[in-house]
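# Coordinate inspection notes
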Amino acid sequence: MKEVLVTIQTVYQYLEKLGPKKSFQILKNLGYEKLLSLTGKVPKERLIVLTQKLSEETVVELVNQIPEKILVEMIRENDDDDLVYFIHSLSIADLAIVSKSIPPHDVGLLAKTLGPEASVEVLKSLGIQKSISLLKEIPMRDFLWLVDKIQLQPIIQLVNELSVADCKKWIKQRGLEELPILLKFFGVANVLEIFKKLGMNQALAMMQLLGTREMMELSVLLSKMNLDLQNIPSNLHSKPIVSEKQKSIIPPKKKVAPKKKKVVKRSH
């Protein structure tokens, strides 16, 4: 009973700090029970600061669209200014999708490492769904390691041009360790040209066949040659690269047994 009275007192202190008009609108639209539950799980001072920086419509929409458990975790894992920036920069619908798909701890880590502005830029530049799909494939700490090695803009440029399926293929077969090396060596534009020319499957097969170092050395060797595209015969077709792994999947051709001749019995 004592805990209930303390919580009720906290609710009234919270509403009093917001002023009569704002507190009445929030109480009217959220209902006493929902507000009571939230104030029992989030420090009063934080709720007051956040609510003062947001409109009553935004507060109501936020509480109604994001499950309480996730909302409480979002507030716990993010600084007030970062959280307010996210809320003002993304629609509540998009924020709800992000909060349900990416752990609030990861979003907080992203904001603390890159800053809220760069974090929002990632989500907006790649699109919410694409960002979520990729961050499900890459642990947040690995993504931040990649940003530290390459910088953010080259990553956005690269991923923007690739499909989610191609990104997944690369991550599954090659991991992330080689990406900084390849992007530094070739540059983003040239890497994209290679993928565009060969396609992801053949590019991966070529790397598997040659090895990363050998492919880079071969590229340097070719760059020194005086070559002309016009000297390639028009009737020369390229043969797809098949890796040893792919060869093992191809079933051997079945030998066709020779047809037996029908024996016609003669009647005597």
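Going by the structure above, here's the rest.
Each value, and the rule that gives it
- Residues numbered from 1 in each chain as written.
- Predicted model: local features only at pLDDT ≥ 70, side-chain atom pairs only at ≥ 80, totals over all residues.
- Heavy atoms only, no water.
- Helix = DSSP H or I, 4+ residues; strand = E, 2+ residues; numbered from the N terminus.
- Buried < 20%, exposed > 50% of the residue type's maximum accessible area, 1.4 Å probe, protein only.
- Contact = heavy atoms within 4.5 Å.
- 1 Å grid on protein atoms, 1.4 Å probe; cavity = no way out; pocket = protein on both sides within 12 Å on 5 of 7 lines; lining within 4 Å.
- Points joined across faces, edges and corners; volume = space filled by probe spheres on them.
- Nonpolar A, V, L, I, M, F, W, Y, C, P; charged D, E, K, R; others polar.
- Patch = residues over 30% accessible without salt bridge, like charges linked within 9 Å, V, L, I, M, F, W, Y side chains within 5 Å.
- Areas by Shrake-Rupley, 256 points an atom, 1.4 Å probe, with all protein chains shown as cover.
- Salt bridge = Lys/Arg side-chain N within 4 Å of Asp/Glu carboxyl O.
- Phe/Tyr/Trp six-rings, centres within 6.5 Å; stacked < 30°, edge-to-face > 60°.
- Axes fitted to C-alpha atoms, helices over the stretch in contact; angles between N-to-C directions.
- Parallel < 35°, antiparallel > 145°, perpendicular 65-115°, else oblique.
- Left-handed = near helix turned anticlockwise from the far one by under 90°.
- Arc of directions from axis to C-beta.
- Polar contact = N/O pair within 3.5 Å; in protein donor to acceptor, adjacent residues only side chain to side chain.

### Examining the overall build of the protein
Within the protein, the regular secondary structure consists of 19 helices and zero strands. A buried classification covers 40% of the 268 residues belonging to the protein. A separation threshold of at least 6 residues defines the contact pool for the protein, and within that pool the share at least 24 residues apart is 81%.

### Observations concerning empty space enclosed by the protein
Once rolled over the atoms, a probe with the size of a water molecule shows which space is left empty. Applying the stated criterion across every chain yields a total of four cavities of 30 Å³ or more. Roughly 270 Å³ of volume is contained in the largest cavity. Along its surface, the largest cavity is lined by 21 residues, and Ile138, Leu146, Val159, Cys167 and Leu179 are the ones closest to its centre. Sorting the residues of the lining of the largest cavity by element identifies α10 (116-126), α11 (128-137), α12 (140-150), α13 (152-161), α14 (164-174) and α15 (179-186) as the ones contributing at least two each. Classifying every residue of the lining of the largest cavity by side-chain character gives 20 nonpolar, one polar and no charged.

### Notes on a nonpolar patch on the surface
A contiguous nonpolar surface patch, about 640 Å² in accessible area, is contributed by Leu209, Leu210, Leu218, Leu221, Leu222, Met225 and Leu227. Contributions of two or more residues to the nonpolar patch are made by α17 (200-210) and α18 (212-223). With respect to the helices and strands, Leu227 occurs in the loop between α18 and α19 (244-249).

### Looking at the packing of aromatic side chains
Tallied over the full model, the rule gives two aromatic pairs. Consider the rings of Trp170 and Phe195, whose centres lie 5.7 Å apart with planes at 70°: the pair is edge-to-face. A residue pair is termed long-range when its members are at least 10 positions apart, and Trp170 in helix α14 and Phe195 in helix α16 (residues 188-198) qualify at 25 residues. With respect to burial, Trp170 and Phe195 carry one shared label: buried. Between Phe185 and Phe186, the ring centres sit 4.8 Å apart and the planes meet at 85°, which makes this aromatic pair edge-to-face.

### A few points about the environment of Leu54
Inspection of the secondary structure puts Leu54 in the loop between α4 (44-53) and α5 (56-65). Under the relative-accessibility criterion, Leu54 is labelled buried at 5%. Remark: the alpha-carbon pair of Leu54 and His88, spanning 34 residues in sequence, is separated by 8.6 Å. What Leu54 contacts, discounting residues up to four positions off in sequence, is Lys22, Val59, Leu62, Val84, Ile87 and His88.

### What to know about the packing of α11 against α14
It is at 10 Å that the axes of α11 and α14 come closest, and there the two elements cross at 10°. Between α11 and α14, the crossing angle belongs to the class labelled roughly parallel. Crossing of α11 over α14 shows right-handed handedness. Residues Lys130, Ser133, Leu134 and Glu137 of α11 touch α14, and the partners they reach there are Val164, Cys167, Lys168 and Ile171. The residue inventory of the contact of α11 with α14, partitioned by class, reads four nonpolar, one polar and three charged.

### Some details on helix α3 (residues 32-39)
Taken residue by residue, α3 has Leu35, Leu38 and Thr39 as its buried positions. With its buried residues spanning 95° around the axis, α3 presents them on a single face.

### Overview of unusual backbone geometry
Phi is positive for Gln151, close to 85°, though the residue is something other than glycine. Here Gln151 lies in the loop between α12 and α13.

### Observations concerning the side chain of Ser89
Counting through the fold element by element, Ser89 comes out in helix α7 (residues 80-89). Note on Ser89: relative accessible area 19%, which makes it buried. A polar contact is formed between the side chain of Ser89 and the backbone oxygen of Tyr85, at a distance of 2.7 Å. Leaving out residues up to four positions away in the same chain, Ser89 has contacts with Val120 and Lys124.

On their own, these measurements won't tell you what the molecule is for.
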